[in-house]
Amino acid sequence: MNRKHFTKSGALTRRDFIRRAALGSAALAITPANSLLARPAKSGWPRNAKKYSIYMIGHAHLDVIWLWPWHEGLAVAHSTFRSALERMKETPDLVFTSSSALYYKWVAENDPEMLTEIRQRVAEGRWNIVGGWWIEPDTNIPSGESMARQGLYGQRTFEKLLGRRATIAFTADSFGHAGTLPQIFKLQGMEGYVFMRPGDGEKHLPANLFWWEGPDGSRILAYRIHHHYGSLDQGEARTTREDIRGAAEYIPNHPVPMIMKFFGVGDHGGGPSKAHIRVVNAVREEKDAPAIFYSSIDRYFNDVKQHDLRQLPVVKDDLQHHAPGCYTADSAIKRNNRLAEAAVVTAEKIAAVGSLFWKVRYPKAQFDEAWEKMLFLQFHDSMAGTSLVSHYQYAKHGYGHALDIAEDITYLTVQKLEWQVAAEDPDAQYVLLFNPHAWEYRGLIRCEGNRGSTCFTDDKGRALPSQWILGQAQTHGRHTLLLQVTVPPTGYCQVKGVSCEAPHVASPAVRLEGRRLENEYYILTVSDRGTISLFDKEAGKQVFAGGETGCRAVVIDDPSDTWSHGIRTFADEIGAFDNAEIKPLYDGELQATLRVTTTYGHSTLTVDWSLVAGSRRIEADVKLDWHERLKMLKFSFPVEVADPVPTYESPYGFIVRQPNGDEDPGHRWIDVTGQRDGVTCGLTVLNDAKYGYSVSENDLRLSIVRSPVYAHHEPKPLLQEAEYEWMDQGIQVFRMALVPHRGSWQEARIPRIAGEFMTPPVSIYQGIHPGTMPKSASFLEVDAPNVIVTALKKSEDGDDLILRLVETSGQDTDVTLRFPSNNFRWQGKMRNCEIKTLRLNTDTGSIREVNLLEE
């Protein structure tokens, strides 16, 4: 077997590597891994070539962020567009294709005369707008709502600046594609999809033109680019002749006798060069050549539809695996993305409700600013962790800005509500809690306060279990207060605290004894190695196979580059964190916590395990001080079940995969469910920061950190004497929760638990003042436990409210949505895994269904 060398565009055999190395680095970087086009073309044209059509797609892939900062990418976009406009003047039939609405916003702001030229070419049909999104993002890691907003901001910007929207989705360079995308694209007005990765060696597809079907049944016509999205250097124009002939050779293997051939300088921009155009013009005049012509992607899809497409294969799967190291590379951007997405959506919900019920101004411009920054930072080479180390400092500030906006809006909005709820006892402490979820919240909340109060009651005077623990400040009597509360759906309640002689005692209590935690449901025991056992008291069984094997911190040898090109699984174990130091942190009426500290090499891992009274969730606060290189850390949870079925949360959905050890992307949770003594049961692991997972048989693993060199791309070797920037060195923190369950994860209501885990109720201190609003109220609720209100916002135009509902368990459902405070109501049906957007006229109360563009 030939040794393989990997590039951003695919894989090279050793023979091709040596041949192309002789041509220079630019030639090296574009050989495809996924088609017959890597082979030298035969002399002359294939038999029957004149029956074929080759659509020449002039294109410039723009990595606005990659091996250069974003502001260089801005300059590259401008020069690329100027070049394309000049080539169009020289070549009257040339057509240029481009995506990414953000680039046109930049042009509008910096060169309005250029925008006028582009508008004219768009109107002529010679400048083809594709993609429909703000940029070409990573299509595994952003949330479903982020993908919805990519289209909302992208399509509206295209229409505003260019007078039309995209009809074909396009993310040529993204490293994998969530299986829920077909529904999202269709709800954004797009009927086709063009992508390039994964290649044929990474994902076998029955054809490169196929129907791609999402879990809800939505279908979209998908096209995999079987060669490349363009060239990286103008010198590659010399290969265009060979590639066109290779495209003709490939057509007999294609479902229709027509194919797209992309050309133009890319990555650092450029587009079709004069040299490219000379070659294309010469080749299409050759004897026996196919019909070769400049075209748009739109025209190709329209022409394809003239054929009988009923026999095209149907693919019901996500599209993986290219560069699976990207699910974990650069921990900071992954966690900041997760936190910022949740914070901005929560702020929108609270501000939207506040605008309707307590007359808060809805700050749309600030939300636009936050979303546009987040959507930009989700660009595929940014979100994947494959850019420069300096970019990730910029990204940290960018996500921080979005988080600042969200936090300011959230607390200022709830503060205005708090001022209208009476808090009049000068000897009491008052806290107002706001629940952003459309179901009742029952659980623990944390807030800071002075440890003067010892008895707490809810809005109806009922005693609340409480516990004071060490606070963030170590002076002036400040502590952290734990309260067990019930908060109405999308609503609030007031908590009052006073001094009393006989504080309420929670029952039943948690217990901490030595290295063991216990509540009503579980006994958690820590071993000398730092692993845990978890005994399910109701089932009378251990959750983990082998007893004390849970959360083993496994170190993997990982010599791969930043992308992990050519890798399917990370399984080469070389050690584990060990030598546990165990100490008690809290032993109270509501929560008991053990701190477990272990070490490996130069690194230290600290996990604070907590059990809470009345809770079926085991929580962990994790702090990792990592100083390893070319290694990976995974947490291993061997679930004690037979016939394991892994399920991963994905953008606005979930996907069931095989337990074969492959590294796969997931969102807030992963579940393994199977059989134990004839009973269905399983374990869900949730987290607030990670996206890489694997399951081998019953061993569920969460990928914590990788440590390659920043922006290292094989086949370049790492030099022993060089000083590199190594990824993820130092301290990082994240949260994790384990949810054992009897029955399925759907019955355990895992999507609701994930929502509460990421976004607990907002708590805010109340001063002493009068007020006219009640001490508790609910503004929105949904009755179906498998339907989540994932977004609530003001409409992009007008003064309506937009509500997004997602069916989360794969079941057709009848659902009722109620606004209890003003009797607005909607009843309807949802298909399994359906995304449904509703538009509420706040004057009349009428509610109608719209698409993701709010139409």
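Throughout, residues of each chain are indexed from 1 in the direction in which the sequence is written. Reporting in this predicted model follows two pLDDT cut-offs: at least 70 for local features of residues, and 80 or more for side-chain atom pairs to be given and counted; totals over whole chains, interfaces and linings ignore these cut-offs and use all residues. As a rule here, side-chain values come from all non-hydrogen atoms in the structure, and water together with hydrogens is ignored.

Peer 1: Teacher, can you tell me more about the overall build of the chain here?
Peer 2: In terms of regular secondary structure, the chain is built from 15 helices and 48 strands. Taking 29 Å as the expected radius of gyration for a compact globule of 855 residues, we find that the chain reaches 28 Å, a close match to that expectation. Over its C-alpha atoms, taken along the principal directions, the chain stretches across nearly 100 × 65 × 50 Å. Out of the 855 residues in the chain, the part that is buried amounts to 62%. Across the chain, contacts joining residues at least 24 apart in sequence account for 72% of those joining residues at least 6 apart. Using a 1.4 Å probe, accessible areas were evaluated by the Shrake-Rupley method; residue-level cover was limited to the displayed protein chains. Carbon together with sulfur atoms contributes 48% to the accessible area of the chain, which is approximately 31,700 Å² in total. Taking the average place of the 96 positive charges on the side chains of the chain and the average place of its 107 negative ones, the gap between the two points comes to 4 Å. The secondary structure listing takes helices from DSSP runs of H or I that are at least 4 residues long and strands from runs of E that are at least 2 residues long, numbered from the N terminus. Here the radius of gyration uses the C-alpha set of atoms, whereas the globule reference equals 2.2 Å times the residue count to the power 0.38. Buried, partly exposed and exposed residues are distinguished by accessible area as a fraction of the type maximum, computed with a 1.4 Å probe on protein chains only: under 20%, between the cut-offs, and over 50%, respectively. Between two residues, a contact is recorded if the distance between any of their heavy atoms is within 4.5 Å. Two residue types count as positive, namely Lys and Arg, and two as negative, namely Asp and Glu; His and chain ends fall outside the count. Charged side chains are reduced to one point each, which is NZ for Lys, CZ for Arg, CG for Asp and CD for Glu.

Peer 1: Any chance you could explain the pattern of salt bridges here in plain terms?
Peer 2: Where charged atoms from two side chains of opposite charge approach closely, those side chains can pair. When a carboxyl oxygen of Asp or Glu lies within 4 Å of a side-chain nitrogen of Lys or Arg, that pair is called a salt bridge. The final tally for this structure, using the stated rule, is 60 salt bridges. One salt bridge in this structure joins Asp318 and Arg657, with 2.5 Å as the shortest N-O distance. Pair noted here: Asp318 is in the loop between strand 12 (314–315) and helix 11 (331–357) and Arg657 is in the loop between strand 33 (653–656) and strand 34 (664–665), with a separation of 339 residues, a long-range link. Of the two residues, Asp318 and Arg657, both sit in the buried class. A salt bridge links Asp800 to Arg839, with the shortest nitrogen-to-oxygen separation between them at 2.8 Å. With Asp800 in the loop between strand 43 (787–794) and strand 44 (801–807) and Arg839 in strand 47 (residues 835–840), the pair connects residues that are 39 residues apart, well separated along the chain. As far as the burial class goes, Asp800 and Arg839 line up, both buried.

Peer 1: What is the right way to look at the environment of Gly497 in this model?
Peer 2: Within the secondary structure, Gly497 is located in strand 19 (residues 491–498). Under the relative-accessibility criterion, Gly497 is labelled buried at 0%. C-alpha separation for the pair Gly497 and Asp427, spaced 70 residues apart in sequence, amounts to 8.9 Å.

Peer 1: What exactly am I supposed to notice about helix 10 (residues 297–304) here?
Peer 2: Owing to its 3.6 residues per turn, the α-helix brings residues three or four apart onto one side. Taken residue by residue, helix 10 has Ile297, Tyr300, Phe301 and Val304 as its buried positions. Angularly, the buried residues of helix 10 cover 95 degrees about the axis, an arc narrow enough to put them on a single face. Directions from the helix axis toward the C-beta atoms define the arc.

Peer 1: In this structure, what is going on with the packing of helix 6 (residues 144–162) against helix 12 (residues 364–377)? I would like to understand it.
Peer 2: Packed helices, taken two at a time, are described by the angle their axes make and the gap between the axes. Between helix 6 and helix 12, the least distance of the axes is 10 Å, while the angle of their chain directions is 105 degrees. The angle between helix 6 and helix 12 falls in the class roughly perpendicular. Judged by residue contacts, Glu145, Ser146, Arg149, Gln150 and Tyr153 of helix 6 engage Phe367, Asp368, Trp371, Glu372 and Leu375 from helix 12. Residue composition of the contact of helix 6 with helix 12, grouped by class: four nonpolar, two polar and four charged. To define axes, lines are fitted to C-alpha atoms, for helices over the stretch in contact only, and angles between the resulting N-to-C directions are given on a 0 to 180 degree scale. Should an angle lie under 35 degrees it is considered roughly parallel, over 145 roughly antiparallel, and from 65 to 115 roughly perpendicular; all remaining angles are considered oblique. Each residue gets one label: Ala, Val, Leu, Ile, Met, Phe, Trp, Tyr, Cys and Pro are nonpolar, Asp, Glu, Lys and Arg are charged, and the others, such as Gly, are polar.

Peer 1: Which parts of the structure should I look at to understand the sheet that holds strand 12?
Peer 2: Two orientations exist for strands paired in a sheet by backbone hydrogen bonds: parallel and antiparallel. If you trace the five strands from one edge of the open sheet to the other, you get 6-7-9-8-12, paired in mixed fashion. The open sheet terminates on both sides in strands that have one partner only, identified here as strand 6 (168–171) and strand 12. When DSSP finds at least two bridges between two strands, those strands are taken to pair. Sheet topology note: the strand 8 (residues 209–213)/strand 9 (residues 219–224) ladder contains five bridges and is antiparallel. Note on strand 9: the bridge partner recorded for Phe210 is Ala222.

Peer 1: Would you take a moment to explain the confidence of the model for the chain for this structure?
Peer 2: Any region with low pLDDT has predicted coordinates that should not be read closely. Confidence of the predictor at the level of single residues is given by pLDDT, which spans 0 to 100. Per-residue confidence for the chain gives a mean pLDDT of 92; residues scoring 70 or more make up 93%. Contacts for the low-pLDDT stretch residues 1–43, under 50 throughout, to residues beyond four places or in other chains number 96 contacts.

Peer 1: Please explain the state of the cysteines as it appears in this structure.
Peer 2: Simply put, the disulfide is a covalent bond whose two ends are the sulfur atoms of two cysteines. Cysteine sulfur pairs qualify as disulfides if the two atoms are within 2.5 Å. Tallying each qualifying case throughout the model produces one disulfide. Bridging Cys455 to Cys500, the disulfide has an S-S length of 1.4 Å. Here the disulfide of Cys455 and Cys500 is right-handed, its torsion about the S-S bond being about 60 degrees. Within this pair, whereas Cys455 is found in strand 15 (residues 455–457), its partner Cys500 is found in the loop between strand 19 and strand 20 (511–513), the two being separated by 45 residues in sequence. Look at Cys500 and you get partly exposed, because its relative accessible area is 28%.

Peer 1: Sorry, what's going on with the packing of aromatic side chains here?
Peer 2: Within a pair of aromatic rings, the relevant descriptors are the distance that separates the centres and the angle that separates the planes. Here is the rule: rings of Phe, Tyr and Trp (six-membered ring for Trp) pair when centre to centre is within 6.5 Å. Planes less than 30 degrees apart are stacked, more than 60 are edge-to-face, and the remainder are tilted. Summed over all chains, the structure comprises 39 aromatic pairs. For the ring pair Phe185 and Tyr193, a centre distance of 4.6 Å and an interplane angle of 45 degrees mean the geometry is tilted. Three or more aromatic residues joined by ring pairs form one cluster here, namely Trp133, Phe185, Tyr193, Phe195, Phe210 and Trp212. In this structure, Arg735 packs its charged tip against the face of Phe757, placed 4.1 Å from the ring centre. Criterion for a charge above a ring: Lys NZ or Arg CZ within 6 Å of the ring centre, and within 35 degrees of the ring normal.

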